[in-house]
Amino acid sequence: MTTALLSVSDKTGIVDFARALHQRGIKLLSTGGTARLLADNGLPVTEVAEVTGFPEMLDGRVKTLHPRIHGGLLARRDMPEHMAALKAHGIATIDLLVINLYPFAQATARPDCTLEDAIENIDIGGPAMLRAAAKNWPDVGVVIDPTDYAQVLGELDAGGLTRKTKFGLARKVYAHTAAYDGMITNYLSALDAGAEDKPSAVPARAEYPGIYTLQLEKTQDLRYGENPHQSAAFYRERQPAPGTLAGWTQLQGKELSFNNIADADAAWECVKTFDAPACVIVKHANPCGVAVGGTATEAYTKALKTDTTSAFGGIVAFNQPLDVATVEAMVAAKQFVEVLIAPSVTPDARELLAKKQNLRLLEVPLSRQGNALEFKRIGGGMLLQSADAKNVAASELRIVTTLQPTHEQMQDLLFAWKVAKFVKSNAIVYCAGGMTLGVGAGQMSRVDSSRIASIKAENAGLSLQRSAVASDAFFPFRDGLDVVIDAGASCVIQPGGSMRDQEVIDAANERGIAMVFTGTRHFRH
């Protein structure tokens, strides 16, 4: 390796890397700001313009698009005719290319970014060189990520970049340029009609672009999918939103399965919506026990009471550090747990859990953030929607009955409403004292969900007297309301919006309960 070309917008570590290359006898070529930075730090660097014989042109739009650059990158060293052509035209080989692209994402994320600004942040020469070098990977090393600098230097000291490393770097390049082009496509196809006529203005953007490109990176193959006859793999976004499950660290246990990951996501998304110490137990994508308490231990004990039968083999998530006291409570309960999730696990708790070798233990950084968009695959297409991030506050509720809910009832109603958002429709949730009492999920009839939830509570030996009930969508008739009142509910929270709202309100007044409307529905399919 004799010559390296460096041209980066992300200057992280570039001076030290270039110095290390120089110390190893590698000639440095560079452009623009990178060349000035290296020269300012005392490194001998040759401007690309000296190689091409042309200065940078058109405000920097043209500087590396030249045969003396692309010939040096694309010539196959194992083909005599290629090397003869280089010699005939006085072109030297370039053995290492270090580039990252114009910051298009950062530019277009600015609220004042005009179409003209966006266009000027579309890199042309960079992707062209990257693709050229990656195509000729057996002869050229190509680096786009500063985190790869150390590995490159280590292999150079060991005798040169291996074929495995060069091929891996090339694959990384094509993924990077594909994502870059996809990002540009997403932006341009989201612009409203007529944006091209006002390039100096900040263009309006549609919430959903005309073409949506998404890039995912495979994290691991899974043993199988939802069922053993289905194959599966887990893919992660390149930059997952902070606090989402994709950022997990597995501390112990067997590999996660397809269903483990899906259920763990449901549990984690639910538990992190609570401010107080909370525990969520999920089985088959539905919460079967949710509670808040003064401690994680208290929250777990209450959550487990809801449905000990369904909790067997479930996913348990906490929004607090997992400590020894909570683990001891789980051991005492003899609950079989598939996956245990918490923001952190104390050393003593880890030591105690280590005895359960098959238990999958995950740490996930806690953040209230979540995915901005949700996706659902259908035959031949994809549904995209904004995430259901709405959490109704007490000030947004509309009391529609003569009877006003007490402060305690209002707290139970808000708790029940938070839980209902994560229960499959039709959802009915009975709660009291910061814990679920009965959960009815996924039924075609809201009346059936109401009955199932009360049966669950009865089976668990829990009284529904004076309970609060949440319904994820409106009661279309009074029959569903009568069922929950007959079971013991004293107050109800629901969206409202039915043609028969007045009939349901009249029924609530007749039966002497308090009812509030949220104005927000939480269907979950």
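Counting of residues starts from 1 at the beginning of each chain's written sequence and follows it residue by residue. Whole-chain, interface and lining totals are the exception, using all residues; otherwise, since this is a predicted model, local features are given only for residues with pLDDT of at least 70 and side-chain atom pairs are given and counted only at 80 or more. The side-chain values count all of the structure's non-hydrogen atoms but skip hydrogen atoms and water molecules.

1. Describing the overall build of the chain
Convention followed: Secondary structure elements follow DSSP: runs of H or I of four or more residues count as helices, runs of E of two or more count as strands, with numbering from the N terminus. Taken over C-alpha atoms, the radius of gyration is set against a globule rule of 2.2 Å times the number of residues to the power 0.38. Accessible area is worked out with a 1.4 Å probe on protein chains only. A residue is then buried under 20% of its type maximum, exposed over 50%, and partly exposed in between. Two residues qualify as a contact provided that any one of their heavy atoms is within 4.5 Å of a heavy atom in the partner residue. Areas reported here follow the Shrake-Rupley algorithm with a probe of radius 1.4 Å; residue values treat only the protein chains shown as occluding. Positive charges come from Lys and Arg alone, negative charges from Asp and Glu alone, with His and the N- and C-terminal ends not counted. We put the charge of a Lys on NZ, of an Arg on CZ, of an Asp on CG and of a Glu on CD.
Each helix and strand counted, the chain has 19 helices and 21 strands in total. Its C-alpha atoms give the chain a radius of gyration of 30 Å, clearly above 24 Å, the size a compact globule of 525 residues would have. With respect to the three principal axes, the spread of C-alpha positions in the chain is 95 × 60 × 45 Å. Across the 525 residues that make up the chain, the buried fraction comes to 48%. Pairs at least 24 apart in sequence give 58% of the contacts found in the chain among residues at least 6 apart. Carbon and sulfur atoms form 52% of the exposed surface of the chain, whose accessible area is close to 25200 Å². With 52 positive and 57 negative side-chain charges, the chain shows a separation of 4 Å between the mean positions of the two kinds.

2. Some details on the sheet that holds strand E1 (residues 3-8)
Convention followed: Strand pairing follows a simple DSSP-based rule, namely that at least 2 bridges must link the two strands. Every axis corresponds to a line fitted to the C-alpha atoms, with the helix fit spanning only the stretch in contact, and the corresponding angles, defined between N-to-C directions, vary from 0 to 180 degrees.
Within the open sheet, the five strands sit side by side as E3-E2-E1-E4-E5. Their pairing is parallel. Either end of the sheet is taken by a strand with one partner, and the two such strands are strand E3 (46-47) and strand E5 (141-143). Here E1 runs beside strand E4 (residues 96-100); their pairing, made up of five bridges, is parallel. Counted as the bridge partner of Ala 4 is Leu 96 from E4. Against the sheet, helix H1 (residues 14-23) makes contact with E1, strand E2 (27-30) and E4, and its axis sits at roughly 175° relative to E1, the strand it touches most.

3. Quick word on the UniProt feature "domain: MGS-like" (unreviewed entry) in the chain
Here is the rule: UniProt positions are given in the numbering used here, feature names are shortened, and annotations may be inferred rather than shown by experiment.
When the UniProt feature table is mapped to this numbering, "domain: MGS-like" (unreviewed entry) covers residues 1-144. End-to-end, the C-alpha atoms of residues 1-144 are 18 Å apart, and along that stretch the chain is 44% helix and 14% strand.

4. Thoughts on helix H14 (residues 324-333)
Note: α-helices contain 3.6 residues per turn, so residues at a spacing of three or four share the same orientation. The line we're drawing: Directions are taken from the helix axis to each C-beta atom, and the arc is the one they span.
For H14, the full list of buried residues reads Thr 326, Val 327, Ala 329 and Met 330. The buried residues of H14 occupy one face: seen down the axis, they fall within an arc of 155°. Its buried side turned inward, H14 meets helix H12 (296-306), strand E11 (314-318), strand E12 (337-342) and helix H15 (347-353). One or two residues past the end of H14 sits Lys 334, with phi positive at roughly 55°.

5. Remarks on H1
Listing the buried residues of H1 in full gives Ile 14, Val 15, Phe 17, Ala 18, Ala 20 and Leu 21. Tucked inside the fold, the buried residues of H1 contact E1, E2, helix H2 (32-40), E4 and helix H9 (149-157). Of the residues trailing H1, Gly 25 is marked for its positive phi of about 80°.

6. Points about the packing of aromatic side chains
The condition is simple: Stacked, tilted and edge-to-face are the three classes applied to pairs of Phe, Tyr and Trp rings, where Trp contributes its six-membered ring and a pair requires centres within 6.5 Å; stacked means planes under 30 degrees apart, edge-to-face means over 60, and tilted covers the rest. For a ring to carry a charge above it, either NZ of a lysine or CZ of an arginine must fall within 6 Å of the ring centroid while also lying within 35 degrees of the normal to the ring plane.
What the rule picks out here adds up to eight aromatic pairs. When the ring of Phe 104 is compared with that of Tyr 187, the centres are 5.6 Å apart and the planes differ by 85°; the resulting orientation is edge-to-face. In this pair, Phe 104 is assigned in helix H6 (residues 104-109) and Tyr 187 in helix H10 (residues 163-188), connecting sequence segments 83 residues apart. For Phe 104, a relative accessible area of 1% gives the class buried. On the basis of an interplanar angle of 35° and a centroid distance of 5.1 Å, the ring pair of Phe 234 and Trp 248 is categorised as tilted. Of this pair, Phe 234 sits in strand E7 (residues 232-237) while Trp 248 sits in the loop between E7 and strand E8 (249-252), and the two are 14 residues apart along the sequence. Of the two residues examined, Phe 234 and Trp 248, each falls in the buried class. Its guanidinium or amino end placed over the ring of Trp 248, Arg 236 lies 5.7 Å from that ring's centre, counting from NZ or CZ.

7. Considering the environment of Leu 38
For Leu 38, the position within the fold is in helix H2. With a relative accessible area of 0%, Leu 38 lands in the buried category. Setting aside anything within four residues of it in sequence, one finds Leu 38 in contact with Ile 14, Val 15, Ala 18, Ser 30, Leu 43 and Val 45.

8. As for the side chain of Arg 360
Along the polypeptide, Arg 360 turns up in strand E13 (residues 360-363). In this view, Arg 360 contacts Gln 250, Gln 252, Gly 253, Lys 254, Glu 255, Leu 256, Ser 257, Asn 260, Glu 338, Val 339 and Leu 340; residues no more than four positions away in its chain are not counted.

9. Examining the pattern of salt bridges
In plain terms, the rule: Salt bridge, as used here, is a side-chain nitrogen of Lys or Arg placed within 4 Å of a carboxyl oxygen of Asp or Glu.
Following the criterion strictly, the structure yields 21 salt bridges and no others. The closest approach of N and O atoms between Arg 110 and Asp 117, which form a salt bridge, is 3.9 Å. In the salt-bridge network here, residues are joined through shared partners; they are Arg 478, Asp 482, Asp 486, Glu 510 and Arg 511.

10. Concerning the pairing of E2
Residues in a regular strand point their side chains to alternate faces of the sheet. Applied cut-off: When the strands point away from the viewer, a crossover counts as right-handed if the route from the first strand across the helix to the second turns clockwise.
Of the pairings in the sheet, the one linking E1 to E2 comprises four bridges and is parallel in character. Looking at E2, one finds that Leu 5 is bridged to Leu 29. Once the chain exits E1 it traverses H1 before rejoining the sheet at E2, and the crossover so formed is right-handed. Pairing of E2 with E3 involves two bridges; the strand directions are parallel. Bridging from a neighbouring strand, Leu 29 pairs with Thr 46 of E3.

11. Regarding the pairing of strand E21 (residues 514-517)
Here E21 shows a buried face lined by Ala 514 and Val 516 and a second buried face lined by Met 515 and Phe 517. Note: strand E20 (residues 489-494) against E21, four bridges, orientation parallel. Looking at the pairing, Ile 493 lines up with Val 516 of E21. The β-α-β motif built from E20, the intervening helix H19 (residues 501-511) and the parallel element E21 has right-handed crossover chirality.

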